[in-house]
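Okay, here's what each chain looks like letter by letter:
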Amino acid sequence: MTIRILHNPRCSKSRATLALLHEKGFQPEVTLYLETPPEASELKTILGQLGLEARQLLRKGEAEYRELGLADTSLSEGQLIDAMVAHPRLIERPIVLANGRAAIGRPPDSVLSIL
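Rules and cut-offs
- Residues numbered from 1 in each chain as written.
- Predicted model: local features only at pLDDT ≥ 70, side-chain atom pairs only at ≥ 80, totals over all residues.
- Heavy atoms only, no water.
- Helix = DSSP H or I, 4+ residues; strand = E, 2+ residues; numbered from the N terminus.
- Buried < 20%, exposed > 50% of the residue type's maximum accessible area, 1.4 Å probe, protein only.
- Contact = heavy atoms within 4.5 Å.
- Expected span 1.5 Å × (residues − 1).
- Arc of directions from axis to C-beta.

Caption draft 1: How the structure looks around the environment of Pro94. With respect to the helices, strands and loops of the structure, Pro94 is situated in the loop between α5 (77-86) and β3 (95-98). Overall, Pro94 belongs to the buried group, its relative accessible area being 0%. Each C-alpha atom, one on Pro94 and one on Thr17, is 7.4 Å from the other, the two residues being 77 residues apart in sequence. Every residue in contact with Pro94, bar those within four places of it in the chain, is listed here: Ile5, Leu6, Lys13, Ser14, Thr17, Ala103, Ile104 and Gly105.

Following this line, the structure appears as structure tokens:
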């Protein structure tokens, strides 16, 4: 089974989720998504696996959220996805991908349900 984590080493929840995966004996492929952001098509797939709309994956506390006016409810799903691709700090983290499913590691234990 291939397990992948969209990881930000500066985020405590991301570090805790990665540590939990290692503790459970998994060796996930680590993608530093701030350096290598997902493309729009991959982000759409991840949203589908999470069962979320783009707005639900946005980190509303980030400066980019305010600067880009992303609270505007008239923005389309595609516009929000494009904003996350261009500004990956806006993507909630960490996201673990496995078995054609995805889970957000908030709390870290929540990712175990897809393994």
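Caption draft 2: Broad picture of helix α1 (residues 12-23). Its 12 residues place the ends of α1 16 Å apart at the C-alpha level, agreeing with the 16 Å of an ideal helix rising 1.5 Å per residue. Three or more residues of α1 are buried, namely Ser14, Thr17, Leu18, Leu20 and Leu21. The arc that holds every buried residue of α1, seen down its axis, measures 160 degrees, which confines them to one face. Packing partners of the buried residues in α1 comprise β1 (3-7), β2 (29-32) and β3. Backbone geometry just downstream of α1 places Gly25 in the positive-phi region, at approximately 90 degrees.

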